[in-house]
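Observations on chain architecture
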Amino acid sequence: MKSTKSFEISKHVVWEAYKRVKSNKGAAGVDGESLAQFELHLKPNLYKIWNRMSSGSYFPPPVKRVEIPKGNGGKRSLGVPTVSDRIAQMVVKLYIEPEIDSHFHPDSYGYRTGKSAKAAVAVTRKRCWQYDWVVEFDIKGAFDNIDHGLLMKAVKQHVKEDWQLLYIERWLTAPFEQLDGELLLRDKGTPQGGVISPLLMNLFLHYAFDRWMEKHRPGNQFARYADDAVVHCRHQKEAEQLLKEISDRLQECLLTIHPDKSKVIYCKDSNRQRDYSHTQFTFLGFTFRPRVAHSRAGKRFTSFLPAVSKEAIKGMRRTIKGWRLHRRTFATLEQVAEQCNVILRGWWNYYGSFYKTEMRPLSDYLNQRLACWARRKYKKLRGHERQSFLWLRRVASIETGLFFHWQLLRSDGWIMGAV
């Protein structure tokens, strides 16, 4: 029997989209419906999404606008779609992503299967040893300022199904709803927080930057993670000229680089001793700069290396402080560890991958919070700061794997600071 629907959309894909949205979790949108509430009527809700998308009558609701603090003191605007809309976006993404992604540059690392920020940092570290100069640039509000006309031109190079184009255009123009209920119409940008937005961002910059670099600067290697990128050069004049060319190119695409956050960096080390105003940059949470290293023979020298940035450490400290461990005296230490280790494991697996000794201050801070917890929980330790640290040291020496950072400290032969 021939389908009466305008568009052929598989129910299986809708189900797969729901499973992926569920695994990603996320907050409620403007309708206030959580994922758990959506699942109370799962089958009819999924059928409604399929039915409306298949008939061409699906219109996305407004996107909930929230602002989150940035490390530099500013705020970043996020758009939170409803659960239903996240599933609908995922449906389209599942259809179009395989074909689009196959065209992406191998040094585009953001939001791609088989790629990662850690891999981008690793390849950048290697290239900083090979090239003396780096161009670092920051795009002002990239997600917020993508031109819809240029973006749809890029989309139509790869997406041919009318229904997919229809819904992408509707998502691009869906208004923001602010906390006071006011609707803000949008004529540019793709909401950071939308399911399909990272793919659209990658596609836009694939043409705005990656393809342009391949054509005009094929000898300059780069690594790009969404709107964050660095480019390697052999000479200072080459790097300075390239920074200007990148700025001009992005302006052609109606994007602007941040003048204070875009610069040329000299990769100074034991073999590269020129004087230059900028000898460090931060990329994906790691600060690259001259650092002490040791050869296999044990000889000290200076190498240009990445390590966790001060901003990232500050952010993790804020998170630990927000746990308010000293208030969890009702819990056992094992229960506290179980709650913390999921996050600690992620931090150390990422930030501890390069020059992990720079994670030491975070370990010390966490141990201080745990000692404070012990003083609040046990009467015999109250008012005895030194005794609480000694108690924590004894526990750590017996149960080295209780907290994730303890086993790493012990395995590297570090003395647990302040404990």
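Just above sits the structure.
Residues numbered from 1 in each chain as written. Predicted model: local features only at pLDDT ≥ 70, side-chain atom pairs only at ≥ 80, totals over all residues. Heavy atoms only, no water.

1. Examining the overall build of the protein
Going by this rule: A run of H or I in DSSP becomes a helix once it reaches four residues, and a run of E becomes a strand once it reaches two; helices and strands are each numbered from the N terminus. Working definition: with a 1.4 Å probe on protein chains only, accessible area under 20% of the residue-type maximum means buried, over 50% means exposed, and in between means partly exposed. Note on areas: Shrake-Rupley, 1.4 Å probe, and residue coverage restricted to the protein chains presented here.
In terms of helices and strands, the protein carries 15 helices and eleven strands. Principal-axis analysis of the C-alpha atoms places the extent of the protein at approximately 75 × 60 × 40 Å. For the protein, with 419 residues in total, the buried portion stands at 48%. Roughly 21500 Å² of accessible area belongs to the protein as shown, and the carbon and sulfur atoms make up 49% of that amount.

2. Describing the packing of aromatic side chains
Any aromatic ring pair is given by two values, namely how distant the centres are and how the planes are angled relative to each other. Here is the rule: Only Phe, Tyr and Trp rings are paired, with Trp represented by its six-membered ring, and only when their centres lie within 6.5 Å; those with planes under 30 degrees apart are stacked, over 60 edge-to-face, the remainder tilted.
All chains considered together, the criterion is met by 22 aromatic pairs. Seen in terms of ring centroids, Y47 and W50 are 5.5 Å apart; in terms of plane orientation they differ by 45°. Their pairing is tilted. Taken as a pair, Y47 and W50 lie in helix 3 (residues 42–55) at a separation of three residues, close to a single helical turn. Assessed through its relative accessible area of 45%, Y47 is described here as partly exposed. By relative accessible area, which is 13% here, W50 ends up buried.

3. What about the sheet that holds strand 11 (residues 300–308)?
In plain terms, the rule: One bridge is not enough; two strands pair if DSSP finds at least two bridges between them. Angles here are taken between N-to-C directions and fall from 0 to 180 degrees, while the axes themselves are lines fitted to C-alpha atoms, restricted in helices to the stretch in contact.
In space, the three strands of this open sheet follow the order 9-10-11, with antiparallel pairing throughout. Among the strands making up the open sheet, the edge pair consists of strand 9 (281–283) and strand 11. With strand direction ignored, the average angle separating the axes of adjacent strands in the sheet is 50°. Two strands pair when backbone bridges link them, and strand 9 and strand 10 (residues 286–294) are joined in this way by three bridges, in the antiparallel orientation. Following the sheet pairing, F283 is matched in strand 10 by F286.

4. Overview of the sheet that holds strand 1 (residues 63–69)
The four strands lie next to each other as 2-1-4-5, forming an open sheet whose pairing is mixed. Single-partner strands in this sheet number two, and they are strand 2 (75–80) and strand 5 (183–184). Here strand 1 runs beside strand 4 (residues 176–177); their pairing, made up of two bridges, is parallel. Opposite K64, over in strand 4, you have E177 as the bridge partner.

5. As for the layout of surface pockets
Space left empty within the atom packing is revealed by a probe, the size of a water molecule, rolled over the atoms. Keep this limit in mind: In this analysis a 1.4 Å probe is tested at points of a 1 Å grid over the protein atoms alone, and where it fits but cannot get out there is a cavity; an open set with protein on both sides within 12 Å along at least five of seven lines is a pocket; lining residues have an atom within 4 Å of a point. Grid points are joined across faces, edges and corners, and a volume is the space filled by probe spheres set on the points. In the scheme used here, Gly and all other residues not listed as nonpolar or charged are polar, with Ala, Val, Leu, Ile, Met, Phe, Trp, Tyr, Cys and Pro taken as nonpolar and Asp, Glu, Lys and Arg as charged.
Each pocket or cavity is described by its volume, and for the largest pocket that value is around 2000 Å³. Around the largest pocket sit 50 residues that line it, and R76, D228, T282, G285 and E311 are the ones nearest its centre. Broken down by secondary-structure element, the contributors of at least two residues to the lining of the largest pocket are strand 1, strand 2, strand 3 (133–138), helix 6 (142–145), strand 9, strand 10, helix 11 (310–323) and helix 12 (333–351). Here the element with the most residues in the lining of the largest pocket is helix 11; it accounts for nine residues. Among the residues forming the lining of the largest pocket, the class breakdown is 18 nonpolar, twelve polar and 20 charged. Empty space within the second largest pocket amounts to approximately 520 Å³. N24, G193, G194, V195 and P198 are, among the 24 residues lining the second largest pocket, the residues nearest its centre. Among the secondary structure elements, those contributing two or more residues to the lining of the second largest pocket are helix 1 (11–24), strand 2, helix 4 (83–101) and helix 9 (197–216). Here the lining of the second largest pocket is composed, by residue class, of eleven nonpolar, seven polar and six charged.

6. A closer look at helix 4
Defined as follows: An expected span of 1.5 Å times one less than the residue number is assigned to each helix. The angle between axes fitted to the seven-residue stretch ending at a residue and the seven-residue stretch beginning at it gives the bend at that residue.
Over its 19 residues, helix 4 runs 25 Å from end to end, which matches the ideal 27 Å to within 8%, given 1.5 Å per residue. Its maximal kink placed at Y95, helix 4 deviates by approximately 35°, while the proline P98 follows within four residues. The buried count for helix 4 comes to 15 of 19 residues, which makes it a mostly enclosed element.

7. Notes on the side chain of N367
For clarity, the threshold we go by: Under the rule applied, a polar contact is a pair of N or O atoms within 3.5 Å (in protein, one hydrogen donor and one hydrogen acceptor; residues adjacent in sequence only if both atoms are side-chain atoms).
Tracing the backbone shows N367 in helix 13 (residues 360–377). Polar side-chain contacts of N367 include one of 3.1 Å to the side chain of W406.

8. Describing the environment of R291
Applicable threshold: We call two residues in contact whenever any of their non-hydrogen atoms come within 4.5 Å of each other.
Considering the arrangement of structural elements, one finds R291 in strand 10. Residue R291 is classed as buried on the basis of its relative accessible area of 6%. The spacing of R291 and L305 is 14 residues in sequence and 6.2 Å in space, taken between C-alpha atoms. Non-local contacts of R291, meaning those with residues more than four positions away in its chain, are made with F301, T302, S303, L305, P306, A307, Y355 and E358. A distance of 3.0 Å separates the side chain of R291 from the backbone oxygen of L305, its partner in a polar contact.

9. Details of the pattern of salt bridges
Stated precisely, the cut-off is as follows: Counted as salt bridges are all cases of a side-chain nitrogen of Lys or Arg within 4 Å of a carboxyl oxygen of Asp or Glu.
A complete count under the given rule lists 15 salt bridges for this structure. The salt bridge involving E16 is made with K19; its shortest N-O contact spans 3.4 Å. Residue E16 and its partner K19 are located together in helix 1, separated by three residues, close to a single helical turn. Look at E16 and you get partly exposed, because its relative accessible area is 22%. The exposure class of K19 is partly exposed, given its relative accessible area of 38%.

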